[in-house]
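Here is how the chains run, residue by residue.
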Amino acid sequence: KQHTDRITEAAVINQAKHIHKDGNILFVDIWVSPSEYPGQKIFLATTSDITQRIETEQQLSHASKMATLGQMASGVAHELNQPLTVIKTLSSFLMKMLKDTDTGNHTETLYEVSEKINNNVDRAAKIINHMREFARKSEIRSEPVQVNEVLEKATEMFSQQLRVRGIEVHWDIENDLPKIMADADRLEQVFINLLVNARDAIEERVNLKEHQKGPKGITLKTRSNRKSVTIEVSDTGIGMDENIAGKVFEPFFTTKEVGQGTGLGLSISYGIVKDFGGDIQTVKQREPGACFRITFPKQDKP
């Protein structure tokens, strides 16, 4: 709907895009309240220019992405090394087979080797493209998004890092989950931030309590009801007390050692979730570890 239509239906319109008379794009928040003017009822609209705030938030969000990419560098190198090693081995094998003058006897084997090479090239390219998409600076936009797909895409990037650390990912996904209005790239950033925190919390627990054996796992859960879609990311990490839980979404707050975290991940995630009308909070659970719950309103129309 256009903003002019929404004025009669909404009390607040956040981040409405306007075009200034000089052609530049600006963003405003609009507060709408019914009022009366002599002889007729009217809607009184008050606007506030938030362009500078939005630009600053985008810069912080992009900085957080770059910090996350830095932390993921070693894992990505490992991810790429695996398909490249397969490609190198198979291509060497193929070269040896081609030296055989009687290649007709190896037609089927040659096809299988070529297919594996092709598949692993695609796998390496997919990893690189995913990193490139994640690193790019996102513009503000909102469209129907399938949360399960975004969650799976974010986890795929981290799968190898978690696997080499012995961390299992448990899926508790509701099939045919209703769509929400959001931006898939920015939502993926939220999920990756939560996965990074879960990974680090599990590593911290293992390092501090080596004598205590326990599961190393992350559980990803999605559910929906008549009005909303809920995502939960829980871990078996070190956990947090009430004091820390009350501060985790504050900018630059971190429990990590100097140089190991920016303190921006969760605060930026909080802002992204709020931008799309959602809510994120910590949830107490019986088992050791931490749990983050994100709730979004369902998309009104398909």
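This report concerns the structure included in the present document. (Residues numbered from 1 in each chain as written. Predicted model: local features only at pLDDT ≥ 70, side-chain atom pairs only at ≥ 80, totals over all residues. Heavy atoms only, no water.)

### Structural notes on the overall build of the protein
Then step 1. The secondary structure content of the protein amounts to 7 helices and 10 strands.
Then step 2. Per-residue burial over the protein gives 36% buried out of 302 residues.
Then step 3. The contacts of the protein with a sequence gap of at least 6 include a subset with a gap of at least 24, amounting to 64%. (Helix = DSSP H or I, 4+ residues; strand = E, 2+ residues; numbered from the N terminus. Buried < 20%, exposed > 50% of the residue type's maximum accessible area, 1.4 Å probe, protein only. Contact = heavy atoms within 4.5 Å.)

### Comments concerning the sheet that holds strand β3 (residues 40-49)
Then step 1. Read across the sheet, 3 strands follow the order β1-β2-β3 without closing on themselves; strand pairing throughout is antiparallel. Pairing within the sheet leaves two strands with one partner each, and these edge strands are β1 (12-19) and β3. The sheet shows a mean angle of 40° between the axes of neighbouring strands, direction not considered. (Pairing = 2+ DSSP bridges. Axes fitted to C-alpha atoms, helices over the stretch in contact; angles between N-to-C directions.)

### So, the sheet that holds strand β7 (residues 217-224)
Then step 1. With respect to topology, 5 strands assemble into an open sheet ordered β5-β7-β8-β10-β9, the strand pairing being mixed. Looking along the sheet, the strands with just one partner apiece sit at the ends: β5 (168-172) and β9 (279-282). Along the sheet, successive strands turn relative to each other by an average axial angle of 15°, direction set aside.
Then step 2. With 4 bridges joining them, β9 and strand β10 (residues 291-297) adopt antiparallel strand pairing. The residue bridging D279 from the neighbouring strand is T295, located in β10.
Then step 3. Across the sheet, helix α4 (residues 147-164) touches β5, β7 and β8 (228-235), and the angle it forms with β7 is around 175°.
Then step 4. Contacting β7, β8 and β10, helix α5 (residues 184-208) crosses the sheet at an angle of about 145° to β7.

### Here's the deal with the pattern of salt bridges
Then step 1. What the rule picks out here adds up to 6 salt bridges.
Then step 2. One salt bridge in this structure joins D172 and R223, with 2.8 Å as the shortest N-O distance. Taken together, the residues span a long stretch of sequence, with D172 in strand β5 and R223 in strand β7 at a distance of 51 residues.
Then step 3. Its relative accessible area of 30% is what places D172 among the partly exposed residues.
Then step 4. Taking the shortest distance from any N to any O, the salt bridge between D279 and K274 comes out at 3.1 Å. (Salt bridge = Lys/Arg side-chain N within 4 Å of Asp/Glu carboxyl O.)

### Here's the deal with the pairing of strand β2 (residues 25-37)
Then step 1. Across 6 bridges, β1 lies against β2 in antiparallel orientation. If you follow A16 over to β2, its bridge partner there is V28.
Then step 2. Count of turn residues in the β1/β2 antiparallel hairpin: 5 residues, of which G23 carries a positive phi of about 95°.
Then step 3. The sheet contact formed by β2 and β3 spans 10 bridges and is antiparallel. Note that in β3 the partner of E36 across the bridge is K41.
Then step 4. Turn length for the β2-β3 hairpin, with the two strands adjacent in sequence and antiparallel, is 2 residues, and the turn residue G39 shows positive phi of about 95°.

### Considering α5
In an α-helix, one full turn covers 3.6 residues, which means residues spaced three or four apart are oriented alike.
Then step 1. Between its first and last C-alpha atoms α5 spans 36 Å; for 25 residues at 1.5 Å apiece the expected length is 36 Å, and the two agree.
Then step 2. Capping the start of α5 is the job of one residue whose side-chain oxygen sits 3.2 Å from the backbone nitrogen of D185: D183. (Expected span 1.5 Å × (residues − 1). Polar contact = N/O pair within 3.5 Å; in protein donor to acceptor, adjacent residues only side chain to side chain.)

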